[in-house]
Amino acid sequence: MRAATFLSLAGLKNRDLDHGPATDPDASLMMAFRDGDEDAFVTLYHRYRDRIVNYTRRLLGDPNRAEDAAQEVFLKLYRARARYRPVSRFSTYVFRIATNHCINLRSRHDHQRTDRTLDSGDLAHSAATQTAEVENQQLRHALEQALQKLPPKQRAALVLCHYQGLSYREAAQAVGVSESALKSLIHRARATLITQLKPWSEGDATHVV
Amino acid sequence: MWCKDAQRALSLGSRDAETNAAVAKHVAQCPACQNFAQASERLDVLLSLDEDAPPRPGFDTRFFARLDALRHRPVPRRRRWLWAGVVATAGLVAVWWGLLPTRIDTRPKAADLEVAMELDLLEELEMARRLDEVEEFEILAQVDLEELHRLQKDKRP
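The structure contained in this document is the topic of the report that follows. Not measured: the values here are computed from a predicted model.

1. Some points on the overall build of chain A
So, point 1. When helices and strands are counted, chain A shows nine helices and zero strands.
So, point 2. Counted from the first residue to the last, chain A has its helices and strands arranged as α-α-α-α-α-α-α-α-α.
So, point 3. When burial is assessed residue by residue, chain A has 44% of its 209 residues classed as buried.
So, point 4. Within chain A, contacts between residues at least 6 apart in sequence are counted, and of these 62% link residues at least 24 apart.
So, point 5. When the accessible area of chain A is evaluated, it comes to approximately 10,600 Å², of which 50% is carbon and sulfur surface.

In structure tokens form, the structure reads like this:
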């Protein structure tokens with residue numbers, strides 16, 4: 001008897017078969033951790049640490065708060081291990097936790113992003129490289145400010161798809177919206193960024209619909 | 001294809017061949033969407049300037065210290081009181097159900113009976129019963145026998 005048929009007859013949910021160890025090794029590690037393997041959690045932590053840190057940094061802006069938030073995400077993962085069920089990819093699951101956590105942080109506090117001035121040490125190079133590097137830093141600064149001005153879900157949708165490589169379906173699950181709603185979020189986010197970053201771009205993009 | 005549909009398709013990246021062809025055909029004929037397409041490509045370049053960076057030194061140390069504290073967190077006081085209340089309630093329920101010895105045995109113990117017999121109290125108790133009978137007899141002796149028979153007839157059904 002096939003496993004799926006058996007489980008159906010037994011009245012058990014067979015969603016575990018869709019995102020189980022065979023298709024998602026990270027889900028396999030999480031299930032091992034759920035069953036008591038602490039080393040599996042440490043492995044997952046090292047796999048996702050940088051991704052979660054950069055994700056929270058782009059959502060919150062402040063590096064200090066972002067690192068604290070990233071640690072909170074892993075602690076939430078640790079506390080919720082007994083309730084884990086692989087109904088989606090593990091990456092979707094952990095980014096869902098991170099998204100909710102960051103959105104809750106933003107709604108509780110009026111986040112005033114600290115303006116970071118250019119490091120004077122960057123000006124010690126030759127004139128040509130100095131100009132290029134300073135300009136790049138200014139561009140990054142402008143980009144970070146523009147990202148922080150986006151509504152939380154637009155920012156999360158854009159960052160998940162552009163920087164974290166999630167599919168539209170996975171990102172929609174992480175943000176908690178439908179796939180079509182997620183695509184709308186991304187389109188609006190990009191249109192807003194194009195308008196706000198116009199001074200840093202060549203040409204004119206005034207006919208944004 | 002309308003501009004809003006073409007620009008939405010440009011924002012979201014590649015799609016099926018038929019949609020791509022429709023978008024390309026519209027963009028070729030629409031200056032506004034040409035501008036949007038160029039601006040969208042420049043935005044991708046700008047977005048790539050924000051590169052991933054590792055966390056600051058000490059991140060792992062701080063995290064595992066917090067994790068260790070989480071693992072060894074004591075049970076909150078509120079829970080202790082809650083469990084104490086549960087145990088106390090369970091004890092009261094057990095007493096009510098009679099699981100604990102709560103009945104008071106009112107029967108005289110054998111040792112007490114032995115003492116009573118030794119002191120001849122039982123004989124005095126018997127004498128007291130007899131005296132009651134004697135008093136009743138004296139009351140009866142004062143009653144007229146005819147009156148007594150009349151009373152007995154009234155009581156009969």
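2. A look at the pattern of salt bridges
So, point 1. Enumeration according to the criterion identifies 17 salt bridges over all chains in this entry.
So, point 2. A salt bridge links A:Glu67 to B:Arg56, with the nearest nitrogen and oxygen atoms 3.1 Å apart. Here A:Glu67 is found in helix H4 (residues 63-79), whereas its partner B:Arg56 is found in the loop between helix H3 (31-49) and helix H4 (59-71) on a different chain.
So, point 3. Given the relative accessible area of 6%, A:Glu67 is considered buried.
So, point 4. Residue B:Arg56 is classed as partly exposed on the basis of its relative accessible area, which comes to 39%.
So, point 5. We note a salt bridge from A:Glu72 to B:Arg66, for which the minimum N-O separation is 2.2 Å. Residue A:Glu72 is found in helix H4, and its partner B:Arg66 is found in helix H4; the two belong to separate chains.
So, point 6. The partly exposed category is assigned to B:Arg66, whose relative accessible area is 24%.
So, point 7. Put simply, A:Arg57, A:Arg58, B:Asp50 and B:Asp52 are held in one network by salt bridges that share partners.

3. Re the packing of helix H3 (residues 38-60) of chain A against helix H5 (residues 90-108) of chain A
All names here are of chain A.
So, point 1. Closest axis-to-axis distance for the H3/H5 pair is 10 Å, and the angle between their directions is 35°. In the packing of H3 onto H5, the handedness of the crossing is right-handed. Residues Leu44, Tyr48, Arg51, Ile52, Tyr55, Thr56, Leu59 and Leu60 of H3 lie in contact with H5, whose contacting residues are Phe90, Ser91, Val94, Phe95, Ala98, Thr99, Cys102, Leu105 and Arg106.
So, point 2. Residue composition of the contact of H3 with H5, by class: twelve nonpolar, three polar and two charged.

4. Comments concerning the interface of chain B and chain A
So, point 1. Every contact between the two is made by 35 residues of chain B and, on the other side, 48 residues of chain A.
So, point 2. A combined buried area of about 4,000 Å² lies between chain B and chain A, and 58% of that area is made up of carbon and sulfur atoms.
So, point 3. Considering only the side of chain B, the residues that lose the most area to chain A are B:Leu47, B:Asp50 and B:Arg66, jointly responsible for 17% of the buried surface there.
So, point 4. Seen at the junction of chain B and chain A, the total is ten salt bridges.
So, point 5. Of the charged contacts in the structure, one is a salt bridge between B:Asp52 and A:Arg58, with a shortest N-O distance of 2.9 Å.
So, point 6. Remark: the boundary between chain B and chain A carries 22 residue pairs in polar contact (both at pLDDT 80 or more).
So, point 7. Where the side of chain B that touches chain A is concerned, the elements lending two or more residues are helix H1 (3-12), H3 and H4 of chain B.
So, point 8. Counting residues per element, the side of chain B that touches chain A draws most heavily on H3(B), at eleven residues.
So, point 9. Residue classes in the side of chain B that touches chain A are distributed as 17 nonpolar, five polar and 13 charged.

Criteria and thresholds
Here the residue index of a chain counts from 1 through its sequence in written order. To label them, take the chains in the order written and letter them from A, then take the ligands in the order written and number them from 1. Where totals are concerned, whole chains, interfaces and linings use all residues; where local detail is concerned, this predicted model gives features only for residues with pLDDT of at least 70, and gives and counts side-chain atom pairs only at 80 or more. Excluding hydrogens and water, the side-chain figures rest on all heavy atoms present in the structure. What counts as a helix is a DSSP run of H or I of at least four residues, what counts as a strand is a run of E of at least two, and both are numbered from the N terminus. Exposure is judged per residue with a 1.4 Å probe applied to protein chains only, and the accessible area is read against the type maximum: over 50% gives exposed, under 20% gives buried, and values in between give partly exposed. Here a residue-residue contact requires only that any non-hydrogen atoms of the pair lie within 4.5 Å. Each accessible area value is a Shrake-Rupley result obtained with a 1.4 Å probe; residue values ignore everything except the protein chains displayed when judging cover. Just to be clear on terms, a salt bridge is a Lys or Arg side-chain nitrogen sitting within 4 Å of an Asp or Glu carboxyl oxygen. In this description, a line fitted to the C-alpha atoms serves as the axis of each element, helices being fitted only across the stretch in contact, and the angle between N-to-C directions of two axes falls anywhere from 0 to 180 degrees. Handedness of a crossing is defined here by the sense of rotation of the near helix relative to the far one, left-handed for an anticlockwise turn of less than a right angle and right-handed for a clockwise turn. Polar here means any residue other than Ala, Val, Leu, Ile, Met, Phe, Trp, Tyr, Cys and Pro, which are nonpolar, and Asp, Glu, Lys and Arg, which are charged; Gly is therefore polar. A 1.4 Å probe defines the accessible area here, and the buried area is the portion of it lost by two parts on being joined, summed over both. As used in this structure description, the phrase polar contact means that two N or O atoms lie within 3.5 Å; if the pair is within protein, one of them must be able to donate a hydrogen and the other to accept it, and residues adjacent in sequence are counted only when both atoms belong to side chains.

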